[in-house]
Amino acid sequence: MSVVAGSARRAARRPAGPAAAPRHRPRLRRAARWAFLLPAGGYVLFAFAIPIAYNLVLSFEQTSPATISHLTAPFAGLSNYTATLTNPVADSAIVRTFSFTAASLLFQFLIGFALALLFNLRFPLRRFARSLILVPWLLPLLVTGTMFKFLFQLQGGAVNQILIDLHLIRQPIGYELSPGWAYVTVLITNIWIGVPFFTVLLYSALQDVPAELLEAARIDGAGPWQRLTRVTLPVIRPVIEVVFILGFVFTVKVFDVVIGLTQGGPANSTQLIATWAYNLTFQDFDFGAGAALNTVLLLIALFAAPLYIWLNRQTLRGESP
Amino acid sequence: MRTATRRRLAAAAASIAALAALVVLLFPLYAVVVASFETNSQLFGASQYSFFPSVWTLSNYTTVLSQQGSHVLSSLIIGAGTTAATLAIALPAAHALARYRFRATALLVGSLLVAQILPSIVIANSLFLIYHQLGLLNSYLGLIIADASYAIPFGILVLRAFMLGLPGDVIAAARVDGASEWQAFCRVVLPMSRSAIITVALFAFLNGWGDFIFALTLLNGNTFEPVTLSIYTYLGEFSQNWGEAMALAVFAVLPAAMLLIAAQRYIAAGLTVGSVKG
């Protein structure tokens, strides 16, 4: 049946045409199909493929301010990598990027999940609150960084004022002056940015947990905690995986927030890979060294790629979501 | 009776918890808006932070409006340009990837997923030298091309996911009626994809508007500069011009706030479709 219907449809799609047409038409049609992809292909080549390849080339070149006006510089072997990776600032930036990412994701998940559970309850103002919570995620990142720089000021800063008013501290803390505190402020800011993202995605996952399943567990005598850990969490696990992977990808490349808040200081104590690579390239004009560190960042980010693609495997096969 | 009371109490508790969360989450924005109406001496080096100042001034706004108009305009051009470039490139590509089966479809979609992952600083480093050769530094064209590097892969994936759900029969019918592939795309696919197009356009605009990293690396500030870059220069090593920086920050936040009010459902859709199902 379906075979007949299919061929009938195919026949209908190709009504009577000249006998010669089928010979060149498929090729023309195929060309037309590729034409739709042409602008995107050109863009991907120009904005992604070439810069990535060029970054790799640069990382093996002996660059200097004088070579900026040329596309190529003398071959340098591995010297950019050895020089960059034996630099203590770069090493600590790499380690810090990992600890920063891990801490960000952990707190973003805990806060985001708590808020998602809260919004999953029925209460007035729920919709209103859920839409307002998106705000931090939509702001320009540099503005957010600047905003928190203002809040964490030593003199007349809101955070110090709140802590003093609550009698938690006596003297204002110099967040910008102490390496440890500076790191904490960047971390808090980044958590603030990512919470809406976690909340919205986890909330939409919670909405899809079948109510009958939770009801059945309740009848079987499961308490709220057991229902959460034995039913809800296993059901939404795929979304949790996606959120963590995307969160990882967003966080390893954090740049604007650090520049807006601390510019990597004090004494490079808040440098992450991206900001240190920026310093090497655009402050020291050592493009080769910057490119070498960028390659490291690229490898770390690409570490998530196979997982990300695997999670999107349905999309690859062209199935409608 | 008793369960109803308990339920009402639980709802009240949840409301209070939600309000508390909102107060904590939104306080930074409140502080910025308040600060934009204060003078520098109230803001920088003050002995106390006041949650509700006794003296308010409009001077930051008058200064910003007279000095920063061109920067706001630059940001608008960059946002609009990023939106236009994203839609022009992503729409046909999404259509082709949704409707035709290429042998390379999985490879193409996979590389778009990878493109989304690439850190901007890596691209900025190379683009600086490439643009230096091509004369694209300090140009709107160059900056918009760079700024679209997040929105274009995102746009193709979101639009394709949406277009896969469109009824194929309608497009086939248009083709039978003699429409070319391009006409079917323009007259059938595009109108049906309206909501996904709005979502992608919003995100592309916010990306272009809020970009900082490419503006910092690909512009030297002598020709034009977007609002994000001006805020940054307001608070450089030698100046602590908080009042004006905060007034400018309010301008920088406006598009996001307006879009959230006017188009909230498209934003929520972009968040979920773009990541979970995209």
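Computed from a predicted structure; not experimentally measured.

1. Considering the overall build of chain B
Within chain B, the regular secondary structure consists of 14 helices and zero strands. Along the chain direction, N to C, the helices and strands of chain B fall in the order α-α-α-α-α-α-α-α-α-α-α-α-α-α. In terms of C-alpha radius of gyration, chain B reaches 23 Å, well past the compact-globule figure of 19 Å for 278 residues. Referenced to the eigenvectors of the C-alpha coordinate spread, the extents of chain B come out at roughly 75 × 75 × 30 Å.

2. Focus: the confidence of the model for chain A
Residue and element names in this part refer to chain A. Taken as a whole, chain A shows an average pLDDT of 87; of its residues, 91% reach a score of 70 or greater. Per-element averaging of pLDDT across chain A places helix α1 (residues 2-13) at the bottom with 40 and helix α4 (residues 88-119) at the top with 96. Predicted confidence is poor over residues 1-23, with pLDDT under 50, and the contacts of this stretch with residues over four places away or in other chains come to four contacts.

3. Topic: the interface of chain B and chain A
Taken together, the contact between chain B and chain A spans 89 residues of the former and 85 residues of the latter. Top element by residues in the side of chain B that touches chain A is helix α1 (residues 2-35) of chain B. It accounts for 14 residues. The class makeup of the residues in the side of chain B that touches chain A is 64 nonpolar, 22 polar and three charged.

4. Brief notes about the environment of B:Gln68
Residues and elements named next belong to chain B. Within the element layout of this structure, glutamine 68 appears in the loop between α3 (59-67) and α4 (69-99). Owing to 22 C-beta atoms within 10 Å, glutamine 68 belongs among the buried residues under this scheme. In sequence terms glutamine 68 and alanine 174 are 106 residues apart; their C-alpha atoms lie 50 Å from each other. The residues contacting glutamine 68, other than those within four sequence positions of it, are Ser230 and Leu248.

5. Here's the deal with the confidence of the model for chain B
All names here are of chain B. In the predicted model, chain B carries a mean pLDDT of 87, and 95% of its residues have values of at least 70. Helix α11 (residues 213-218) holds the highest mean pLDDT among the elements of chain B, 96, whereas helix α14 (residues 264-277) holds the lowest, 63. The ipTM value of the predicted complex is 0.90, and its pTM value is 0.89.

6. A short note on the environment of A:Ile164
Residue and element names in this part refer to chain A. Relative to the elements of secondary structure, isoleucine 164 occurs in helix α8 (residues 158-165). You can call isoleucine 164 partly exposed: it has 16 C-beta atoms within 10 Å. A sequence separation of 139 residues divides isoleucine 164 from phenylalanine 303, and the C-alpha atoms of the two residues are 44 Å apart. Leaving out residues up to four positions away in the same chain, isoleucine 164 has contacts with Ile169 and Pro172.

7. Observations regarding the packing of α3(B) against helix α13 (residues 242-262) of chain B
Residues and elements named next belong to chain B. One way to put it is that α3 packs onto α13 with a least axis distance of 9 Å and a crossing angle of 70°. In this view, α3 runs roughly perpendicular relative to α13, as classed from their interaxial angle. When you trace α3 past α13, the crossing you get is right-handed. Contact residues: Asn60, Tyr61, Thr63 and Val64 in α3; Gly243, Glu244, Met246, Ala247, Leu248 and Phe251 in α13. Here the contact of α3 with α13 is composed, by residue class, of six nonpolar, three polar and one charged.

8. Details of the packing of helix α8 (residues 168-176) of chain B against helix α9 (residues 181-192) of chain B
Residues and elements named next belong to chain B. Between α8 and α9, the least distance of the axes is 10 Å, while the angle of their chain directions is 140°. For the pair α8 and α9, the sense of crossing is right-handed. Of the residues in α9, those in contact with Val170, Ile171, Ala174 and Arg175 of α8 are Ala184, Arg187, Val188 and Val189. Looking at the contact of α8 with α9 residue by residue, the classes come out as six nonpolar, no polar and two charged.

Definitions and limits used
Residues numbered from 1 in each chain as written. Chains lettered and ligands numbered in written order. Predicted model: local features only at pLDDT ≥ 70, side-chain atom pairs only at ≥ 80, totals over all residues. Helix = DSSP H or I, 4+ residues; strand = E, 2+ residues; numbered from the N terminus. Rg over C-alpha atoms; globule rule 2.2 N^0.38 Å. pLDDT = per-residue confidence, 0-100. Contact = placed C-beta atoms within 7 Å. Nonpolar A, V, L, I, M, F, W, Y, C, P; charged D, E, K, R; others polar. Buried ≥ 20, exposed ≤ 12 C-beta atoms within 10 Å, placed from the backbone. Axes fitted to C-alpha atoms, helices over the stretch in contact; angles between N-to-C directions. Parallel < 35°, antiparallel > 145°, perpendicular 65-115°, else oblique. Left-handed = near helix turned anticlockwise from the far one by under 90°.

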